[in-house]
Amino acid sequence: MADKFTIGVLTSGGDAPGMNAAIRAVVRTALANNMDVVGIKHGYEGLLNGEFNSMGPRDVGGILQRGGTVLLTSRSKHFIEPSGQRDAIRKLNGGGIDALIIIGGEGSMNGAYALSQQDVKVIGIPASIDNDIWGTSIAIGTDTAMNTIMDAVDKLRDTASSHQRAFLVETMGRNSGYLAVMAAIVCGAEVTLIPEVPVTVEEVALAIEDAYKRSKTHAIIINAEGSGIRTTELAEKIDKMDVGFTTRMTILGHIQRGGSPTAYDRLLASRMGVKAVEALVEGNHGVMTGLKGKGIDFVPLLDVITNKRKVNLEYYHMAKVLAR
Ligand code: F6P
């Protein structure tokens, strides 16, 4: 009797809330289609080390609501090299793995494409709080991170108003201003700094002073980590200028990556996990699942890695108007 078709699943790069929901969906959908599933620990690094475990339905029980990734993750330097990819293919063949589902961000999709070019059947599932992956209107984990930011800024605003302070808040996002811009809208920020729109410290100071003159009780300044101005430096400089408010700063950091996924992320991850397995059942591969309109589509991995996702600057301007 021929061996069953075996899917390997791994999570790679920065963890994102909802990765577990995606793993669960992959495992249970594959089993429902009479396929076997092998969980690969520690992302591409674990693939190179042959960290393989067969997964049954109970192995993914109770993980839907958990942040992080039960498969663990890593940023593998060796896998980026062609020799690393060659070793990975050897491990896949040795482990009897017929296809790979890779849950991760931009870097992970680059790795997925590289494997697909060497005849490995690969499906990508986009998961990154940064929402910087081309081909999907939103990635798994972004909504939860947005809610974490919103919760934190709401709390900071309470204390900022009580003391009439300007509060600088740094959000993650690597080279993308997505989280910062959307946070500015949902949190009502007075100023937003993003990599896509350079501004000077003087312009930020003027905007804060303007908010003070307009009788605002506080000013919230969202600084994306990739904006080009470090939050600590910005806070020090603004503090020395007379802008009306006194200044404080908070770097939200990795808190944005953790926590139980929102309903939105659980649903998105479940839908993408199911679709990824369905693609393999239909003989489709070399693609990433992407949310387009209300449906989950398949986008060629080549398009994913050759196109750059841009922040819609309409939202940047909207945040400004709404801060009047
Ligand atoms: O890509 C997700 C992300 O959290 C980015 O926003 C951030 O720049 C980076 O990962 C931080 O990476 P690490 O956890 O390896 O420090």
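One structure accompanies this document, and this report is about it. Remember, predicted model here, so these are calculated numbers, not experimental data.

Here we come to the packing of helix 8 (residues 201-213) against helix 9 (residues 231-240). Each pair of packed helices can be described by the angle between their axes along with the distance between the axes. Packing of helix 8 against helix 9 leaves a shortest axis separation of 10 Å and a crossing angle of 60 degrees. Between helix 8 and helix 9, the interaxial angle falls into the category oblique. Along this stretch, helix 8 crosses helix 9, giving a crossing that reads as right-handed. Touching Val201, Val204, Ala205 and Ile208 of helix 8 are Leu234, Lys237 and Ile238, all from helix 9. Split into classes, the residues belonging to the contact of helix 8 with helix 9 amount to six nonpolar, no polar and one charged.

We now examine the sheet that holds strand 7 (residues 191-193). Spatially, the four strands line up as an open sheet ordered 7-8-6-9, and their pairing is parallel. What marks the edges here is a single partner per strand, and that holds for strand 7 and strand 9 (246-251). Each strand axis lies, on average, 15 degrees off the axis of its neighbour in the sheet, ignoring direction. Here three bridges tie strand 7 to strand 8 (residues 219-224), and the two strands are oriented parallel to one another. Paired with Val191 across the two strands is Ile221, which belongs to strand 8. Lying over the sheet, helix 9 contacts strand 6 (165-171), strand 7, strand 8 and strand 9, oriented at roughly 175 degrees with respect to strand 9.

It is worth spelling out the nonpolar core at this point. Most often, soluble globular proteins have nonpolar side chains that are buried together. Core analysis: the biggest nonpolar cluster contains 63 residues, and Val9, Ile101, Ile103, Ile125, Ile140 and Ile222 have the highest contact counts within it. In terms of residues, this core owes the most to one element, helix 7 (residues 178-187), which gives eight residues. Residue-level mapping places this core at the junction of two domains, with at least three residues from each of domain 1 (6-141 + 261-306) and domain 2 (143-257). If you look at the next biggest cluster of nonpolar residues, it comprises 25 residues, including Val38, Ile40, Tyr44 and Val304.

Conventions used here
- Residues numbered from 1 in each chain as written.
- Predicted model: local features only at pLDDT ≥ 70, side-chain atom pairs only at ≥ 80, totals over all residues.
- Heavy atoms only, no water.
- Axes fitted to C-alpha atoms, helices over the stretch in contact; angles between N-to-C directions.
- Helix = DSSP H or I, 4+ residues; strand = E, 2+ residues; numbered from the N terminus.
- Parallel < 35°, antiparallel > 145°, perpendicular 65-115°, else oblique.
- Left-handed = near helix turned anticlockwise from the far one by under 90°.
- Contact = heavy atoms within 4.5 Å.
- Nonpolar A, V, L, I, M, F, W, Y, C, P; charged D, E, K, R; others polar.
- Pairing = 2+ DSSP bridges.
- Core = buried A, V, L, I, M, F, W, Y, C linked by side-chain atoms within 4.5 Å.
- Buried < 20%, exposed > 50% of the residue type's maximum accessible area, 1.4 Å probe, protein only.
- Domains from an automatic or database assignment.

These results come straight from atomic positions and should not be treated as a statement about function.
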